[in-house]
Amino acid sequence: RTLNTVVLLDADDQILIERIRSRKKMHSIQQRDDIDSIHLLDRYREIYRLLLQNLTAISPGVRIIQYRTDEAPVDEICNDFVQTLLTNQNRKQPSN
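Within the chain one finds 3 helices and 2 strands. Seen through its C-alpha atoms, the chain measures out along the principal axes to roughly 60 × 30 × 20 Å. Going through the 96 residues of the chain one by one, you find that 20% of them count as buried. Look at the contacts in the chain between residues 6 or more apart in sequence, and 55% of them connect residues 24 or more apart. Accessible area for the chain stands at about 7,600 Å²; split by element, carbon and sulfur atoms hold 53% of it. In the chain, the 14 positive side-chain charges and the 14 negative ones have mean positions that sit 10 Å from each other.

We now examine the pattern of salt bridges. The full count for this structure, using the stated rule, is 7 salt bridges. Where D70 meets R68, a salt bridge forms, and the shortest distance between an N and an O atom there is 2.9 Å. The class of R68 is partly exposed, set by a relative accessible area of 32%. One connected set of salt bridges, linked through shared partners, spans D10, D13, D42 and R45.

A few words now on the layout of surface pockets. Here the largest pocket is characterised by a volume of approximately 560 Å³. Forming the boundary of the largest pocket are 19 residues, of which L8, L9, D10, L16 and Y48 lie nearest the centre. At the level of secondary structure, the elements contributing two or more residues to the lining of the largest pocket comprise β1 (5–10), α1 (13–21), α2 (34–58) and β2 (63–68).

Attention shifts here to α2. For α2, built from 25 residues, the straight-helix expectation of 36 Å at 1.5 Å per residue is met to within 8% by its first-to-last C-alpha distance of 36 Å. Inspection of α2 places S37, L40, L41 and L52 among the buried residues, and these make up the whole buried set. Looking at the packing, one finds that the buried side of α2 touches β1, α1 and β2.

About the cut-offs
Every chain begins its residue count from 1, and numbering advances along the sequence as written. At least 70 in pLDDT is required for a residue's local features to be given in this predicted model, at least 80 for side-chain atom pairs to be given and counted, and no such filter applies to totals for whole chains, interfaces and linings, which use all residues. To obtain the side-chain values, all non-hydrogen atoms of the structure were included, while hydrogens and water were left out. Put simply, DSSP H or I for four residues or longer makes a helix, DSSP E for two residues or longer makes a strand, and each gets a number counted from the N terminus. With a 1.4 Å probe rolled over the protein chains alone, any residue whose accessible area is under 20% of its type maximum counts as buried; one over 50% counts as exposed, and the rest are partly exposed. Working rule for contacts: check all heavy atoms of both residues, and any pair within 4.5 Å makes them a contact. For accessible areas, the Shrake-Rupley method is used with a probe of radius 1.4 Å. Any residue's cover is judged against the shown protein chains and nothing else. The convention is simple: Lys and Arg are positive, Asp and Glu are negative, and His and the chain ends are not counted. All charge positions are set by atom: Lys at NZ, Arg at CZ, Asp at CG, Glu at CD. Just to be clear on terms, a salt bridge is a Lys or Arg side-chain nitrogen sitting within 4 Å of an Asp or Glu carboxyl oxygen. Definitions used throughout: a 1 Å grid over protein atoms alone; a cavity as a set of points that fits a 1.4 Å probe which cannot get out; a pocket as an open set with protein on both sides within 12 Å along at least five of seven lines; a lining residue as one with an atom within 4 Å of a point. Grid points are joined across faces, edges and corners, and a volume is the space filled by probe spheres set on the points. Working rule for helices: expected span equals 1.5 Å times residues minus one.

And the structure:
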């Protein structure tokens, strides 16, 4: 098996911070103030950007799908993702 799709979920900094702080599971953002939390999120995003850049450089066929979870409801994101996968799967099937 090979990796052919990466799904990247993101949202506005304040929304992410609120979501993380409301979780029971421990996360370092829960112990930081807003400014430090935003800087940490920026560093995470930069690391992900570099990782995905490297991944697509060594595997040009990998597709990156990005969703903003603060701009669309979960069910809409899920439906879009499933449709994207189905469309991609149909393209790979040979025609009769």
